[in-house]
Amino acid sequence: MLGTHIAKAEEHAIKLQLRKKLPKYTLAFEADYRYDEGHLDYRHYDVGIILPFKNKWSASLNYRSVYRLRSNNKWRLEQRPHASLRKVIPTKYIKIDLRNRLEYRYRATVLELN
């Protein structure tokens, strides 16, 4: 059966990424805000350092704080330190990016809504 469907997007996100390349490493920062039906219900902040080595290889160490709004209007904090190993393989037509990420999640803190 064929029909007409009308959809309205009620979610949107704002993301800010900053990188500062230095001679031996790169500093990285990310902030991500997600809204559902006009209300902020998710946000995360991520800081890290990227260390290049060898030919097209890099390693990174990061720390991410994730906040999710719970149904009782309290923010739940999840802490996520993570490390990545990355290999970039450029070819004539595409760039292949292989990444392995190890992440630890700690979910214990509930914060009062400000």
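Bear in mind that the values here come from a model prediction, so they are computed numbers and not experimental data.

Criteria and cut-off values
- Residues numbered from 1 in each chain as written.
- Predicted model: local features only at pLDDT ≥ 70, side-chain atom pairs only at ≥ 80, totals over all residues.
- Heavy atoms only, no water.
- Helix = DSSP H or I, 4+ residues; strand = E, 2+ residues; numbered from the N terminus.
- Buried < 20%, exposed > 50% of the residue type's maximum accessible area, 1.4 Å probe, protein only.
- Lys, Arg positive; Asp, Glu negative; His and termini not counted.
- Salt bridge = Lys/Arg side-chain N within 4 Å of Asp/Glu carboxyl O.
- Polar contact = N/O pair within 3.5 Å; in protein donor to acceptor, adjacent residues only side chain to side chain.
- Contact = heavy atoms within 4.5 Å.
- 1 Å grid on protein atoms, 1.4 Å probe; cavity = no way out; pocket = protein on both sides within 12 Å on 5 of 7 lines; lining within 4 Å.
- Points joined across faces, edges and corners; volume = space filled by probe spheres on them.
- Nonpolar A, V, L, I, M, F, W, Y, C, P; charged D, E, K, R; others polar.
- Pairing = 2+ DSSP bridges.

Participant: Can you walk me through the side chain of Lys87 in this structure?
Facilitator: With respect to the helices and strands, the residue Lys87 is situated in strand E5 (residues 75-90). Summary of buried charges: Lys87 has no salt-bridge partner, and the nearest side chain of opposite charge, Asp97, is 10 Å away. Within the local environment of Lys87, its side chain forms a polar contact with the backbone oxygen of Asn55, the two atoms lying 2.9 Å apart. Those residues in contact with Lys87, other than ones at most four positions away along the chain, are Asn55, Lys56, Trp57, Ile96, Asp97 and Leu98.

Participant: Where do I start with the layout of surface pockets in this structure?
Facilitator: One number sums up the size of the largest pocket: a volume of about 760 Å³. The wall of the largest pocket is formed by 31 residues, among which Arg19, Ile50, Ser58, Ser60 and Arg86 lie closest to the centre. Put simply, the parts of the chain that give the lining of the largest pocket at least two residues each are strand E1 (11-21), strand E2 (26-36), strand E3 (39-53), strand E4 (57-69), E5 and strand E6 (95-103). Among the residues making up the lining of the largest pocket, the classes are represented as 12 nonpolar, eight polar and 11 charged.

Participant: I keep staring at the pattern of salt bridges and nothing clicks. Help me out?
Facilitator: Between side chains of opposite charge, a pair can form as their charged atoms come close. Applying the stated criterion across every chain yields a total of 10 salt bridges. Residue Glu30 is joined to Arg64 by a salt bridge in which the shortest nitrogen-to-oxygen separation is 3.4 Å. Residue Glu30 is found in strand E2, and its partner Arg64 is found in strand E4; the two are separated by 34 residues along the sequence. In terms of burial, Glu30 and Arg64 fall into one category: buried.

Participant: Is there a simple way to think about the pairing of E3 in this case?
Facilitator: A regular strand carries its side chains on alternate faces of the sheet. Here 11 bridges tie E2 to E3, and the two strands are oriented antiparallel to one another. Bridge pairing in E3 links Asp32 to His44. Here E2 folds back onto E3 in antiparallel fashion, the turn holding two residues, of which Glu37 has a positive phi close to 55 degrees. Hairpin connection between E3 and E4: a loop of three residues separates the two successive antiparallel strands, and Lys54 in this loop has a positive phi of roughly 50 degrees.

Participant: How should I be thinking about the pairing of E5 in this particular structure?
Facilitator: Direction of pairing for E4 relative to E5: antiparallel, over a ladder of 13 bridges. Its bridge partner lying in E5, Tyr67 is registered against Leu77. Two strands pair when backbone bridges link them, and E5 and E6 are joined in this way by nine bridges, in the antiparallel orientation. In the strand pairing of E6, Pro90 is matched with Lys95. Joining the antiparallel neighbours E5 and E6 is a turn of four residues.

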